[in-house]
Each structure stands twice: as C-alpha cells, then as structure tokens.
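Chain residues, written in single-letter form:
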Amino acid sequence: MNTPELKNILISKISQIDDEAFLSAINTILDSKSNSIESYNSDLHKIIILTEQQKKEILNSKKEYLEGKFVENDVLNEEMERWLKE
C-alpha cells in the first residue's frame, strides 16, 4: 500500500466516525505532527521546529528545574513502589 492509498483509506474511515472525543484525539495527533515540522540542514542534522507553546513549556520546565522543583528518578521509583504496595 502506498501513501496516497493509505491517505484515502484514513479519510474514508475518519469520515464515518461520529464520536467527537475520538475525532478530537485524532485532531490532536495530527496537530502535533504538523506543528513539529522536521527538516534537515545541509549537514543532514535533524532540525525540529517548535511551536510557541512548546517553547514556553520547555522554558517553564527549565525554570522549575533550576528552582529545584523536580524529583530524581530513583526517588520517584521508590515512592511509586510504596504506593503500589499499599
């Protein structure tokens, strides 16, 4: 099956769906693909173009890290193990 055939199959299946929540989920997937456009520079390094929202989330995460608002992975794993045993 080639790309145009697959697109036609997907379009046909999507057009038959009436579940708004499911269609919204599909839309989110499609938006994430179109918003994170990948390209390559002349040295064939992958370049990912981020949306403004993605840039804000990264900056916020860096800020939280610098403020010490994080849990180390080992500590989190131990905590999750305690929760699972309760």
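Residues numbered from 1 in each chain as written. Predicted model: local features only at pLDDT ≥ 70, side-chain atom pairs only at ≥ 80, totals over all residues. Heavy atoms only, no water.

S.K.: Just checking my understanding: could you explain the overall build of the protein chain for this structure?
M.R.: Broken down by element type, the protein chain carries four helices and two strands. Each helix and strand of the protein chain, ordered N terminal to C terminal, gives the series α-α-β-β-α-α. Put simply, the protein chain shows about 8,100 Å² of open surface, and 56% of that area lies on carbon and sulfur atoms. (Helix = DSSP H or I, 4+ residues; strand = E, 2+ residues; numbered from the N terminus. Areas by Shrake-Rupley, 256 points an atom, 1.4 Å probe, with all protein chains shown as cover.)

S.K.: Help me understand the confidence of the model for the protein chain in this model?
M.R.: A low pLDDT means the predicted coordinates there should not be read in detail. Confidence in the prediction for the protein chain averages 85 pLDDT; 84% of positions are at 70 or higher. Across the protein chain, the secondary-structure element scoring lowest on mean pLDDT is strand β1 (residues 37-40), at 55, and the one scoring highest is helix α3 (residues 52-66), at 93. (pLDDT = per-residue confidence, 0-100.)

S.K.: It is not clear to me how the pattern of salt bridges should be interpreted in this structure. Could you clarify?
M.R.: Two side chains of opposite charge can pair, provided their charged atoms sit close to one another. This model, assessed by the stated rule, comprises three salt bridges. For K55, the salt bridge identified is with E52, shortest N-O distance 3.4 Å. Of the two residues, K55 and E52 both sit in helix α3, three residues apart, roughly one turn of that helix. Classification of E52 as exposed rests on a relative accessible area of 53%. A salt bridge links K63 to E67; the shortest N-O distance between them is 3.8 Å. (Salt bridge = Lys/Arg side-chain N within 4 Å of Asp/Glu carboxyl O. Buried < 20%, exposed > 50% of the residue type's maximum accessible area, 1.4 Å probe, protein only.)

S.K.: Sorry if this is basic, but what is going on with a nonpolar patch on the surface here?
M.R.: A contiguous nonpolar surface patch, about 460 Å² in accessible area, is contributed by M1, L6, I9, L10 and I14. Within the secondary structure, I9 is located in helix α1 (residues 3-15). (Patch = residues over 30% accessible without salt bridge, like charges linked within 9 Å, V, L, I, M, F, W, Y side chains within 5 Å.)

S.K.: For this particular structure, what's the right way to read α3?
M.R.: Every α-helical turn comprises 3.6 residues, leaving residues that sit three or four positions apart pointing alike. End to end, α3 covers 21 Å across 15 residues, agreeing with the expected 21 Å (1.5 Å per residue, within 8%). One or two steps after α3, the chain reaches G68, where phi turns positive at roughly 80°. (Expected span 1.5 Å × (residues − 1).)

S.K.: I keep staring at α1 and nothing clicks. Help me out?
M.R.: Between its first and last C-alpha, α1 extends 18 Å over 13 residues, near the 18 Å set by a 1.5 Å rise per residue. Burial analysis of α1 places just zero of its 13 residues in the buried class, a small minority of the element.

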